[in-house]
Amino acid sequence: MRVGYIQSVTAQTQALPWLEPGQDFPPIGESWGTDSPAPGLLAAGGALDSTTLRSAYRQGIFPWFGKDEPLLWWSPDPRMVLEISNFKLHSSLQKTIRKFCTLPECEIRFDTSFEQVIRACANSPRHGQKGSWIVPEMIIAYCSMHHAGYAHSVETWIKGELAGGLYCVALGKSVFGESMFSNSTDASKIALAALVAFCRAHGIVQIDCQQNTQHLASLGAKPMPRQQFLNQMQTSLEQVPPVWSFDMAYWESLFN
């Protein structure tokens, strides 16, 4: 999920392809390299609607921009990816989840409060980051994706309150993590573990995390060459999507 800061690139957008709404994206090989001020930056402009977003994700492209910045599109190489088989369930988190499973006031829900989740992610403070990249336009766009069935929320509920969660984009069996939040200790980690358990149950092999962070690395995510990521993504895109609902039996795949 994207955590960190957005470099100020507004002054350099003249060197970027500027897209009109509905215009095709440039080839991802034209994204800025690792020696540039903004590695992975591909284009600016275009539209932030469900059709454009689906087209972008299917090509390994995602939007990321801050307040008062133009709409920016990215495709970094390498890509931070959590391969489901590499998920690290540390003993302390496993203990927390086992206890969570025994308490009737604790539950995992999918897609019951998507807008609440994305707004909570937008309002969550991030270490070393001023403001949020989940600007109002992003909230509107991803809520539209959710209503169309292409974006989902994984929610950790405790005593009838939304304690934490995450949201993601899903096309076929390709899953693209976006952001998470926590109002209670380990609530976002429980949500991610639930997503991993769901993925294992449905043959989903990887979760795109997009940006490299220490937190994601601690849970098993690793940088992956973009082409390798794209190859697996293309295979998964063509597979029949699962029904997005959570069964408590899914937890067992993490404990075995």
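**Details of the overall build of the chain**
Then step 1. Counting secondary structure elements, the chain contains eight helices and eleven strands.
Then step 2. Relative to the compact-globule value of 18 Å for 256 residues, the chain shows a C-alpha radius of gyration of 18 Å, a close match.
Then step 3. Each principal axis of the C-alpha atoms in the chain carries an extent, and together these give about 55 × 35 × 35 Å.
Then step 4. The burial tally for the chain puts 54% of its 256 residues in the buried class.
Then step 5. Partitioning the contacts of the chain with sequence separation of at least 6, the portion at a separation of at least 24 is 75%.
Then step 6. Summed over all atoms, the accessible surface of the chain reaches about 11600 Å², with 50% contributed by carbon and sulfur.

**Let's talk about the sheet that holds strand β7 (residues 151–158)**
Then step 1. Pairing in this open sheet of seven strands is mixed, and the strands run β6-β7-β8-β9-β10-β5-β11 from one edge to the other. Edge positions in the sheet fall to β6 (106–110) and β11 (222–224), since each has one partner strand and no second. With strand direction ignored, the average angle separating the axes of adjacent strands in the sheet is 35°.
Then step 2. When β7 meets strand β8 (residues 161–171), the two strands line up antiparallel, connected through eight bridges. Considered in β8, the bridge of Ile158 is made with Glu161.
Then step 3. Along the sheet, helix α7 (residues 226–237) makes contact with β5 (79–83), β8, β9 (174–182), β10 (206–210) and β11, crossing β9 at roughly 105°.

**A look at the pairing of β8**
Then step 1. Burial within β8 is extensive, with ten of its eleven residues counted as buried.
Then step 2. Between β7 and β8, which pair antiparallel and follow one another directly, the connecting turn spans two residues, one of which, Lys159, has a positive phi of 55°.
Then step 3. Across eight bridges, the pairing between β8 and β9 is antiparallel. Residue pairing in the sheet places Cys168 in a bridge with Gly177 of β9.
Then step 4. Count of turn residues in the β8/β9 antiparallel hairpin: two residues, of which Gly172 carries a positive phi of about 60°.

**Description of the packing of helix α1 (residues 50–58) against helix α4 (residues 136–147)**
Relative placement of two packed helices is described by the angle separating their axes and the distance separating the axes.
Then step 1. At a minimum axis distance of 9 Å, the contact between α1 and α4 shows a crossing angle of 80°. Regarding the angle of α1 to α4, the classification is roughly perpendicular. Each of Ser50, Leu53, Arg54 and Tyr57 in α1 lies in contact with α4, whose residues at this interface are Ala141, Tyr142 and Met145.

**Considerations on the pattern of salt bridges**
Then step 1. Applying the stated criterion across every chain yields a total of four salt bridges.
Then step 2. Close ionic contact of Arg119 with Glu115 constitutes a salt bridge, the shortest N to O distance being 2.9 Å. Here Glu115 and Arg119 lie together in helix α3 (residues 114–123), a separation of four residues that amounts to about one turn.
Then step 3. Using a relative accessible area of 40% as the deciding quantity, one classes Glu115 as partly exposed.

**Regarding the packing of aromatic side chains**
Then step 1. By the definition in use, this model includes twelve aromatic pairs.
Then step 2. Between Phe110 and Trp244, the ring centres sit 5.7 Å apart and the planes meet at 40°, which makes this aromatic pair tilted. Of this pair, Phe110 sits in strand β6 while Trp244 sits in the loop between α7 and α8 (252–255), and the two are 134 residues apart along the sequence. This pair shows no difference in class: Phe110 is buried, exactly as Trp244 is.
Then step 3. Consider the rings of Phe114 and Tyr167, whose centres lie 5.8 Å apart with planes at 80°: the pair is edge-to-face.

**As for the environment of His146**
Then step 1. Relative to the assigned elements, His146 resides in helix α4.
Then step 2. A relative accessible area of 18% places His146 in the buried class.
Then step 3. Expressed as a C-alpha distance, the spacing of His146 and Pro17, which sit 129 residues apart in the sequence, is 29 Å.
Then step 4. Ignoring any residue separated from it by four or fewer positions in sequence, one finds His146 in contact with Asp111, Phe114, Ala151 and His152.

Rules used throughout
- Residues numbered from 1 in each chain as written.
- Predicted model: local features only at pLDDT ≥ 70, side-chain atom pairs only at ≥ 80, totals over all residues.
- Heavy atoms only, no water.
- Helix = DSSP H or I, 4+ residues; strand = E, 2+ residues; numbered from the N terminus.
- Rg over C-alpha atoms; globule rule 2.2 N^0.38 Å.
- Buried < 20%, exposed > 50% of the residue type's maximum accessible area, 1.4 Å probe, protein only.
- Contact = heavy atoms within 4.5 Å.
- Areas by Shrake-Rupley, 256 points an atom, 1.4 Å probe, with all protein chains shown as cover.
- Pairing = 2+ DSSP bridges.
- Axes fitted to C-alpha atoms, helices over the stretch in contact; angles between N-to-C directions.
- Parallel < 35°, antiparallel > 145°, perpendicular 65-115°, else oblique.
- Salt bridge = Lys/Arg side-chain N within 4 Å of Asp/Glu carboxyl O.
- Phe/Tyr/Trp six-rings, centres within 6.5 Å; stacked < 30°, edge-to-face > 60°.

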